[in-house]
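# Geometric and topological summary
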Amino acid sequence: MPQACPHRFHFDRPMRMIVLLLSTAFLMACAGGESVQPKSMDDALKADFESAASVRVYFGHQSVGGNIVDGLADLQRQLGKPVLHVGELDALSVSPGRGVLLHTRVGENGKPDSKCEDFRRILDEKLSGQIDVALFKFCYIDFSDTSDVDAVFATYARTMDDLKQRHPQITFIHVTAPLRTVDRGLGVWAREMLGRRNRTKLANVSRNEFNRRLVEKYSTDPIFDLARVMSTLPDGRRESFEIDGRTYYSLVPAYTDDGGHLNTVGRSYAAAELIHSIAAARNDQPE
């Protein structure tokens, strides 16, 4: 009678499930390493730059905003000449008919209310009557796994609604909060299976929830959907994860070198979307 091979393994159902889950987690950990090229100039992007060529813009930001400003410089080098003049608020003059993007840092990272107040102050005290379009953005660090998203959004909405009333000549563009990459891999999966909190994912949940409120409330206003750009690959696929059956979005790993700031690839796509948002806002303005 033939004997069973002593080296053959027989897995029961629970063990097979564990092996399957571990294999899936390993494949997920290996994903996301694909190569992505920076945004290249095309006819649509050229048309957006041409539309923005006479717009006077103010952009308040912190470090990710600085990445986007660098991305604008990258794109304009492809044009061969600066169509939109970009510089610090106090370094460039503002004149009608001359496209300019003035930018400064606003507020303090980790204190989103300070950014709302600084944006309001700059418009009231320095730029009233001098610009056509204004926008500011929060930073990913303004949101954590314990953020009171309702309170942050309430302050943001009060600020923007008040500014829109007091500066009707300015078109305000809303900006969704930037995202971070999420921790992945077997170690992360194992900790989550043990019920431990994944704080990076939960912080992105806070950012996603703020963005959902912004897009819902201001659906008829111009929106620079930075979060969508940061989470979307050129072929349209989105970087996402699930918690409790709900889908949330995170930063495409190919767009960053440190999990939060935009590299040369990521900043090119974000800058292109910013120019598109400015051009769209300009085209919607009454003559």
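Residues numbered from 1 in each chain as written. Predicted model: local features only at pLDDT ≥ 70, side-chain atom pairs only at ≥ 80, totals over all residues. Heavy atoms only, no water.

### Observations regarding the overall build of the protein chain
Cut-off, in case you're wondering: Secondary structure is summarised from DSSP: a helix means a run of H or I of at least four residues, a strand means a run of E of at least two, and numbering begins at the N terminus for each. The buried label goes to any residue with under 20% of its type's maximum accessible area, the exposed label to any with over 50%, and the partly exposed label to all in between, with areas taken from a 1.4 Å probe on protein chains only. Whether two residues are in contact is decided by their heavy atoms: any pair within 4.5 Å suffices. The Shrake-Rupley method, run with a 1.4 Å probe sphere, supplies the accessible areas, and residue values consider only the shown protein chains as cover.
Broken down by element type, the protein chain carries nine helices and nine strands. Counting across all 287 residues of the protein chain, residues that qualify as buried make up 46%. For the protein chain, long-range pairs separated by at least 24 residues make up 73% of all intrachain contacts whose partners lie at least 6 apart in sequence. Split by element, the accessible area of the protein chain, about 14800 Å² in all, is 52% carbon and sulfur.

### A short note on the environment of arginine 212
With respect to the helices, strands and loops of the structure, arginine 212 is situated in helix 7 (residues 199–217). Classification of arginine 212 by relative accessible area gives partly exposed; the value is 32%. For the pair arginine 212 and threonine 176, spaced 36 residues apart in the sequence, the C-alpha separation amounts to 8.7 Å.

### Some words on the side chain of lysine 115
Along the chain, the position of lysine 115 falls in helix 4 (residues 112–127). Apart from the residues lying within four places of it in its own chain, the contact partners of lysine 115 are Gln62, Val106, Gly107, Glu108, Asn109, Phe136, Lys137, Phe138, Cys139 and Asp142.

### Side note on the pattern of salt bridges
What counts here: Here a salt bridge means any side-chain nitrogen of Lys or Arg lying within 4 Å of a carboxyl oxygen belonging to Asp or Glu.
By the definition in use, this model includes 22 salt bridges. Between lysine 126 and aspartate 90 there is a salt bridge whose closest N-O contact spans 3.9 Å. With lysine 126 in helix 4 and aspartate 90 in the loop between strand 2 (85–88) and strand 3 (100–105), the pair connects residues that are 36 residues apart, well separated along the chain. On the accessibility criterion, lysine 126 (38% relative accessible area) is partly exposed. The exposure class of aspartate 90 is exposed, given its relative accessible area of 67%. Measuring nitrogen to oxygen at the nearest pair gives 3.3 Å for the salt bridge that ties arginine 212 to glutamate 216.

### Regarding the nonpolar core
Operational definition: Only buried residues count toward a nonpolar core, which is a set of Ala, Val, Leu, Ile, Met, Phe, Trp, Tyr and Cys residues joined through side-chain atoms within 4.5 Å.
Counting 43 residues, the largest nonpolar core has Ile68, Leu135, Tyr255 and Leu274 as its most contacted members. For this core, the elements supplying multiple residues, two or more each, are helix 2 (43–51), strand 1 (56–61), helix 3 (63–79), strand 4 (133–136), helix 8 (226–231) and helix 9 (264–284). Per-element tally for this core: the top contributor is helix 9, with nine residues. Not counting residues within four places of it along the chain, the set of residues in contact with leucine 135 comprises Val57, Tyr58, Phe59, Gly60, Phe119, Ile173, Val175, Phe224 and Leu274. Residues Val100, Ile131, Met160 and Ile170 belong to the second largest nonpolar core, which totals 28 residues.

### Re the pairing of strand 1
The line we're drawing: In this description, strands pair whenever DSSP reports at least two bridges between them.
In terms of burial, strand 1 is largely enclosed, as six of its six residues are buried. Relative to strand 3, strand 1 is paired through six bridges, and the arrangement is parallel. Bridge pairing in strand 3 links valine 57 to leucine 101.

### Description of the packing of helix 2 against helix 3
Convention followed: Axis definition: a line fitted to C-alpha atoms, over the contacting stretch in the case of helices. Angles run 0 to 180 degrees between N-to-C directions. Throughout this description, any angle smaller than 35 degrees is read as roughly parallel, any larger than 145 degrees as roughly antiparallel, any in the 65 to 115 degree range as roughly perpendicular, and the remainder as oblique. In this classification, the charged set is Asp, Glu, Lys and Arg, the nonpolar set is Ala, Val, Leu, Ile, Met, Phe, Trp, Tyr, Cys and Pro, and all remaining amino acids, among them Gly, are polar.
In the contact formed by helix 2 and helix 3, the axes pass within 11 Å of each other and the chain directions differ by 105°. It follows that helix 2 is roughly perpendicular to helix 3 by the angle criterion. Within the contact between the two elements, helix 2 uses Leu45, Lys46 and Phe49 and helix 3 uses Leu75, Gln76 and Leu79. Classifying every residue of the contact of helix 2 with helix 3 gives four nonpolar, one polar and one charged.

### Comments concerning the sheet that holds strand 4
On the basis of which strands lie adjacent, the open sheet formed by five strands has the order 2-3-1-4-5 and parallel pairing. Taken across any chain shown, the strands that pair with only one partner, and hence form the sheet edges, are strand 2 and strand 5 (171–172). The sheet contact formed by strand 1 and strand 4 spans four bridges and is parallel. Within the sheet, the bridge partner assigned to tyrosine 58 lies in strand 4 and is alanine 134.

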